[in-house]
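# Geometric and topological summary
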Amino acid sequence: MVGVRTEDRKVLRVLSGEAISPPPAWMMRQAGRYLPEYRETRAQAGSFLDLCYNPAFATEVTLQPIRRFGFEASILFSDILVVPHALGQGVRFVVGEGPRLDALTGRAEFEALREVDDPAIFTHLAPVFEAVSRIRAGLPHETTLLGFCGAPWTVASYMIGGRGTPDLAPARALATADPSLVEALIDRLVRVQTEYLIRQFEAGADAVQIFESHAGVLPEGSDALARWSLQPIARMIEGVRTRVPDAKIIVFCRGSGIDGHARVVPETHASAVGVDWGVDLAALRTRLPETTVTQGNLHPETLIAGGAALDAEVDAILEATRGLPHIFNLGHGITPQTPVAHVEQMLARLRREA
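Here goes a summary of the coordinates provided. Not measured: the values here are computed from a predicted model. Every residue gets a number counted from 1 within its own chain, in the order that chain's sequence is written. The predicted nature of this model means local features are confined to residues of pLDDT at least 70 and side-chain atom pairs, given and counted, to a pLDDT of 80 or more, with totals for whole chains, interfaces and linings taken over all residues. Side-chain measures were taken over the full set of non-hydrogen atoms in the model, leaving aside hydrogen atoms and water.

### Describing the overall build of the protein
- Of regular secondary structure, the protein possesses 17 helices and 9 strands.
- Throughout, radius of gyration means the C-alpha value; the globule benchmark is 2.2 Å times the number of residues raised to the power 0.38. For the protein, the C-alpha radius of gyration of 19 Å lies close to 20 Å, the compact-globule estimate for 354 residues.
- With the C-alpha coordinates of the protein rotated into their principal frame, the extents come out at 60 × 45 × 40 Å.
- When a residue's accessible area, from a 1.4 Å probe over protein chains only, is under 20% of the maximum for its type it is buried; when over 50% it is exposed; and in between it is partly exposed. A burial count over the protein gives 58% of its 354 residues as buried.
- By definition in these notes, contact holds between two residues if any of their heavy atoms fall within 4.5 Å. In the protein, the share of contacts with a sequence separation of at least 24, taken over all contacts with a separation of at least 6, comes to 73%.
- Working definition of accessibility: Shrake-Rupley area with a 1.4 Å probe, residue cover restricted to the visible protein chains. Only carbon and sulfur atoms are counted for the fraction: they give 51% of the accessible area of the protein, which is about 14000 Å².
- Neither His nor the chain ends contribute to the count of charged residues, in which Lys and Arg are positive and Asp and Glu negative. By convention, the point assigned to a charge is CZ for Arg, NZ for Lys, CD for Glu and CG for Asp. Positive and negative side-chain charges of the protein, numbering 34 and 42 respectively, have mean locations separated by a distance of 2 Å. Helix and strand assignments come from DSSP, with helices taken as H or I runs of at least 4 residues and strands as E runs of at least 2, each series counted from the N terminus.

Below, the structure is given as structure tokens:
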């Protein structure tokens, strides 16, 4: 679009280190089941994977929360499990239960996956890149478009377990019993997902987020956070920036505690650290250089509750990050039972000084 300047996009400005008051906002899972218009589109699409792989439907649900709320960032509607699906693993979504995969329990299943250089991987993912291009074209020019993928450990844990489990026991057990196999799987995910993120940038994404949703249940051992999470993420970020210099990349390392959150930017060279709701944001900020960009960390349950509790938590986040580069967000994804009116309340409280 002629005349569009990326410096008009507030989220990008914050990711470059600028403090903006009030901070720009978006929500993880903002295109989702709490919106009636999403539920209508979802019904038209058929299966969840059909929704992810149909660029028209994926574009529509991505744009819905921007039309309704005017968030400063939009995030591609897709799922972290399209990557193992593209690698040839069986993936399906069961209504009311979530994702189910054909579990990778040993070498035979790993060797059946597509190799990194198999062109079928990115042919499979082509609808995602088309959706990115369509979304960018449909967004207001000042709205930042975020792409995303799962962190290698998180994606590997689903591939090994065949589903999400509270303690990720299958992935943790395999990492202990056959660490070389898990390392080989993570290496393949690093290389494929590096290219996946690069192609999202090429299609029109302004920045990306890497979701390490399962950092809190890493296997025990010598600095498991570095071995299984931060080092693979660092390799991805380095790889992306070889072709997209100065790429803006947020890393959300859920469950890693205040110590883990403090390590994310220095050890991965991410542009920002996403902060989960279990971390005291004010305390974390005292551990970080003033130049470190943070994102988060409103509790999703507080958003459900609304009222004075919601106002108080919004105010506490603003106070903890006053004068510092911060992107307002939740500390995990918005839940389906969240009242739309409470999202409106949150944004009104956040923007009342604008």
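What follows picks up the thread again.
### Observations regarding helix H17 (residues 340–350)
- Residues of H17 that are buried: Val340, His342, Val343, Met346, Leu347 and Leu350. The arc that holds the buried residues of H17, viewed along the axis, is 165 degrees, so those residues lie on one side. It is the directions from the helix axis to the C-beta atoms whose arc is reported.

### Side note on the sheet that holds strand S5 (residues 207–212)
- In this analysis, strands are considered paired if DSSP registers two or more bridges between them. Spatially, the 7 strands line up as an open sheet ordered S1-S4-S5-S6-S7-S8-S9, and their pairing is parallel. Because the sheet does not close on itself, it has two edges, and the strands there are strand S1 (73–75) and strand S9 (326–330). The sheet shows a mean angle of 25 degrees between the axes of neighbouring strands, taken without regard to direction.
- Bridge count for S5 against strand S6 (residues 249–253) is 5 bridges, and the pairing is parallel. In the strand pairing of S6, Gln209 is matched with Ile250.
- Orientation is described by axes fitted as lines to C-alpha atoms, over the contacting stretch for helices, and by angles from 0 to 180 degrees between their N-to-C directions. Relative to the sheet, helix H13 (residues 257–268) contacts S6 and strand S7 (272–275), its axis offset from that of S7 by approximately 155 degrees.

### Here we look at the nonpolar core
- Only buried residues count toward a nonpolar core. Its members are Ala, Val, Leu, Ile, Met, Phe, Trp, Tyr and Cys residues joined through side-chain atoms within 4.5 Å. The biggest cluster of nonpolar side chains holds 125 residues, and the ones touching the most others in it are Ile210, Val343 and Met346.
- If one sorts the elements of this core by residue count, helix H11 (residues 179–203) sits on top with 12 residues.
- Excluding anything up to four places from it in sequence, Ile210 contacts Cys149, Gly150, Ala151, Leu197, Ile233, Met236, Ile237, Ile249, Ile250, Val251 and Phe252.

### Describing the environment of Pro127
- Positionally, Pro127 belongs in helix H8 (residues 126–138).
- Remark: the alpha-carbon pair of Pro127 and Thr302, spanning 175 residues in sequence, is separated by 36 Å.
- Residue contacts for Pro127: discarding those within four places in its chain leaves Tyr53 and Pro55.

### Quick look at the packing of helix H16 (residues 307–320) against H17
- Relative orientation of the contacting elements H16 and H17 amounts to 40 degrees, with a least axis distance of 10 Å. By the angle between their axes, H16 is oblique relative to H17. Between H16 and H17 lies a crossing whose hand is right-handed. On H17, the residues that touch Gly307, Leu310, Asp311, Val314, Asp315 and Leu318 of H16 are His342, Gln345, Met346, Arg349 and Leu350. Note that the term roughly parallel is reserved for angles under 35 degrees, roughly antiparallel for angles over 145, roughly perpendicular for angles of 65 to 115, and oblique for everything else. For any helix crossing, the convention is left-handed if the near helix is rotated counterclockwise from the far helix by under a right angle, and right-handed if that rotation is clockwise.

### Considering the layout of surface pockets
- Computed from the structure, the largest pocket encloses a volume of approximately 1400 Å³.
- Buried and open spaces are told apart on a 1 Å grid over the protein atoms alone, a cavity being a set of points where a 1.4 Å probe fits but cannot get out and a pocket being an open set with protein on both sides within 12 Å along at least five of seven lines. Residues with an atom within 4 Å of a point are the lining residues. Lining the largest pocket are 46 residues, and of these Arg29, Arg33, Phe48, Asp79 and Pro99 lie nearest its centre.
- Among the elements of the structure, helix H2 (36–45), strand S2 (91–94), strand S3 (98–101) and helix H9 (152–161) are those that each provide at least two residues to the lining of the largest pocket.
- By residue number, the principal contributor to the lining of the largest pocket is H2, which donates 3 residues.
- Its residues placed into classes, the lining of the largest pocket shows 24 nonpolar, 15 polar and 7 charged. Grid points are joined across faces, edges and corners, and a volume is the space filled by probe spheres set on the points. Each residue gets one of three labels, nonpolar for Ala, Val, Leu, Ile, Met, Phe, Trp, Tyr, Cys and Pro, charged for Asp, Glu, Lys and Arg, and polar for the others, Gly among them.

### Observations regarding the pattern of salt bridges
- The rule for a salt bridge is simple: a side-chain nitrogen of Lys or Arg has to be within 4 Å of a carboxyl oxygen of Asp or Glu. Within this structure, the stated rule accounts for 24 salt bridges.
- Between Arg351 and Glu72 there is a salt bridge; the shortest N-O distance is 3.5 Å. Pair noted here: Arg351 is in the segment after H17 and Glu72 is in the loop between helix H4 (55–69) and S1, with a separation of 279 residues, a long-range link.
- Judged by its relative accessible area of 18%, Glu72 falls in the buried class.
- Across the salt bridge formed by Arg92 and Asp102, the nearest N and O atoms sit 3.2 Å from each other. Taken together, the residues span a long stretch of sequence, with Arg92 in strand S2 and Asp102 in the loop between S3 and helix H6 (107–111) at a distance of 10 residues.
- Given the relative accessible area of 41%, Arg92 is considered partly exposed.
- A relative accessible area of 43% means that Asp102 is categorised as partly exposed.
- Connected through salt bridges with shared partners, the residues Glu195, Arg199, Glu202 and Arg243 form a single ionic network.

### Quick word on the packing of aromatic side chains
- In summary, the pairing rule links any two rings of Phe, Tyr or Trp, Trp by its six-membered ring, whose centres are within 6.5 Å, and it sorts them by plane angle into stacked for under 30 degrees, edge-to-face for over 60 and tilted for everything else. Under the definition given, this model contains 10 aromatic pairs.
- Ring centres of Phe148 and Phe211 lie 5.7 Å apart, and the angle between their planes is 85 degrees; on these two criteria the pair is classed as edge-to-face. In this pair, Phe148 is assigned in strand S4 (residues 144–150) and Phe211 in strand S5, connecting sequence segments 63 residues apart.
- Since its relative accessible area comes to 13%, Phe211 is described here as buried.
- Three or more aromatic residues joined by ring pairs make a cluster, and in this case those are Tyr38, Phe48, Phe77 and Phe93.
- Throughout this description, the term charge over a ring refers to an Arg CZ or Lys NZ atom that lies within 6 Å of the ring centre and within 35 degrees of the ring normal. The ring centre of Phe122 lies 4.3 Å from the NZ or CZ of Arg199, which sits over that ring.

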